[in-house]
Each structure stands twice: as structure tokens, then as C-alpha cells.
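Chain by chain, the residues run as shown.
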Amino acid sequence: MKLSSLNEDLAEAGFVPTTQVLSYEVRQASKREAEQLGLAPEDGLLCVSRLRYADDHPLALMTNLIPLDIAPTWQELGDAGLYTCLHNRGIDIASATQEIGARGATAEEAATLGEQPGAPLLTMHRVGRTAEGRPVEIGQHIYRPTLYSFRFSLFTS
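Residues numbered from 1 in each chain as written. Predicted model: local features only at pLDDT ≥ 70, side-chain atom pairs only at ≥ 80, totals over all residues. Heavy atoms only, no water.

Visitor: Can you help me understand the pairing of strand E3 (residues 57-67) in this one?
Guide: Successive side chains on a regular strand alternate, one facing one side of the sheet and the next facing the other. The element E3 is extensively covered by neighbouring structure, given that 9 of its 11 residues are classed as buried. Pairing geometry for strand E2 (residues 44-54) and E3, over 10 bridges, is antiparallel. Looking at E3, one finds that Arg 52 is bridged to Ala 60. Hairpin connection of E2 to E3: 2 residues between the antiparallel strands, including Asp 55 at a positive phi of 50 degrees. The pairing of E3 with strand E6 (residues 135-143) spans 6 bridges and is antiparallel. Following the sheet pairing, Ala 60 is matched in E6 by Tyr 143. (Buried < 20%, exposed > 50% of the residue type's maximum accessible area, 1.4 Å probe, protein only. Helix = DSSP H or I, 4+ residues; strand = E, 2+ residues; numbered from the N terminus. Pairing = 2+ DSSP bridges.)

Visitor: Would you take a moment to explain the side chain of His 141 for this structure?
Guide: Here His 141 shows up in strand E6. Among the polar contacts made by the side chain of His 141, one reaches the side chain of Tyr 143 at a distance of 3.4 Å. In this structure His 141 touches Leu 61, Met 62, Thr 63, Asn 64, Leu 122, Thr 123 and Met 124, once residues within four positions along its chain are discounted. (Polar contact = N/O pair within 3.5 Å; in protein donor to acceptor, adjacent residues only side chain to side chain. Contact = heavy atoms within 4.5 Å.)

Visitor: Please clarify how unusual backbone geometry should be interpreted in this entry.
Guide: With a phi angle near 50 degrees, Asp 55 is a residue other than glycine that sits in the positive phi range. With respect to the secondary-structure elements, Asp 55 resides in the loop between E2 and E3. Given a relative accessible area of 33%, Asp 55 falls into the partly exposed group.

Visitor: What is the right way to look at the pairing of strand E5 (residues 120-129) in this model?
Guide: With respect to burial, E5 is a largely interior element, 8 of its 10 residues being buried. Two elements, strand E4 (residues 95-104) and E5, share 10 bridges in a ladder whose sense is antiparallel. Looking at E5, one finds that Glu 99 is bridged to His 125. As paired strands, E5 and E6 are joined by 8 bridges and run antiparallel to one another. Residue pairing for E6: Leu 122 is matched across the bridge by Tyr 143. The hairpin turn running from E5 into E6, its antiparallel successor, is 5 residues long, and Gly 133 in that turn takes a positive phi close to 95 degrees.

Visitor: Help me out: how do you make sense of the environment of Ala 96 in this one?
Guide: Along the polypeptide, Ala 96 turns up in strand E4. We classify Ala 96 as partly exposed; its relative accessible area is 33%. The spatial distance from the C-alpha of Ala 96 to the C-alpha of Glu 137 is 9.3 Å, given a sequence separation of 41 residues.

Visitor: Looking at this structure, I do not really get the nonpolar core. What am I missing?
Guide: Nonpolar side chains in soluble globular proteins tend to be buried together. Formed by 15 residues in total, the largest nonpolar core has its most connected members in Leu 46, Val 48, Ile 66, Ile 70, Leu 77, Leu 82 and Leu 86. Contributing elements (two or more residues each) for this core: E2 and helix H4 (82-87). With 4 residues, the single largest contributor to this core is H4. For Ile 66, the contacting residues outside a window of four places in its chain are Leu 45, Leu 46, Val 48, Ala 71, Pro 72, Leu 82, Leu 86 and Val 136. In this structure, Ala 29, Leu 37, Leu 39 and Ile 138 belong to the second largest nonpolar core, which totals 9 residues. (Core = buried A, V, L, I, M, F, W, Y, C linked by side-chain atoms within 4.5 Å.)

Visitor: Is there a simple way to think about the environment of Thr 97 in this case?
Guide: With respect to the helices, strands and loops of the structure, Thr 97 is situated in strand E4. Through-space distance from the C-alpha of Thr 97 to that of Arg 129 is 8.6 Å; in sequence the pair is 32 residues apart. Contacts of Thr 97, omitting those with residues within four sequence positions, involve His 125, Arg 126, Val 127 and Arg 129. Only 3.2 Å separates the side chain of Thr 97 from the side chain of Arg 129, close enough to count as a polar contact.

The structure is reproduced here in C-alpha cells:
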């Protein structure tokens with residue numbers, strides 16, 4: 001299974017991906033966030049929310065938590081995908097733990113994504129790590145299933 005970013009997936013599928021940064025907040029990590037990212041409880045992190053488009057259609061709402069020492073700027077995140085921004089800082093995500101699910105859209109999510117409240121959405125929670133095992137991002141993303149699906153290749157060992 002290949003680890004890739006949504007931006008890469010869309011470009012490879014022939015779409016033109018664009019991103020709107022909805023919020024960019026530097027704040028103190030919660031105890032759980034600090035544990036997941038290997039930070040001290042008093043450390044700060046970047047919490048960024050973005051809306052990803054595929055050919056001008058809203059596709060996904062993405063919220064990521066990133067340690068401050070590697071956090072991309074607002075401008076960088078609007079111009080490129082998160083993994084590209086991190087790569088440009090010498091940080092490559094080599095592995096991730098990912099959970100995929102589904103739930104109904106809240107009124108706010110539905111309005112942003114062009115869906116009806118309660119419409120089904122795909123959900124994804126990911127913790128990405130470097131080859132050395134450093135956790136460098138927590139992602140909480142929701143996708144419109146009418147425009148996106150997950151594909152897996154499974155192999156026997």
C-alpha cells in the first residue's frame with residue numbers, strides 16, 4: 001500500500017487540486033495531542049484546517065496538527081499539499097497509522113462541502129511518522145464519497 005497525500009492522489013487521477021486555508025492557529029498541545037506527537041505538554045503546535053478542491057469542486061475538509069518546529073506557513077499550505085511542504089523542510093512521511101470510517105455531515109460541514117446536513121461522509125484519522133519513527137502530523141479529514149473513495153491493495157505475507 002502506497003502512502004500518499006490527497007493532493008498527489010488528485011493530480012495523478014487527472015484532477016486539478018487547489019486548497020483554501022480556512023484556519024491557521026498556533027496553540028498549546030493538549031495532553032493527548034502531545035503524547036501522539038511526542039511533544040512535551042507545554043509545547044505548541046500548529047492546527048490548520050483546509051478545504052481541498054478537485055477541479056473547483058469542494059472535496060475534503062482537512063484538519064492537521066503539526067509540531068511547530070516543522071510547521072509550514074499559511075502561504076505554503078495554500079500553494080502545495082502538506083506532504084510537499086514537509087518534504088521541502090527535509091521531513092518525509094514514511095509510515096502512518098490510519099483509521100477510516102463514515103458518519104453524517106454536520107450542518108456546517110454540509111454547507112462547506114456542498115452537501116445536505118446528515119449526508120454520508122468518509123472520515124479518516126491519520127498519524128504520520130518519519131522513517132525514524134517521529135510522529136509529525138495528526139490528520140482528521142472528511143471526504144465527500146460522491147467524489148472520492150479509498151483504494152487498498154492487500155497482499156498475503
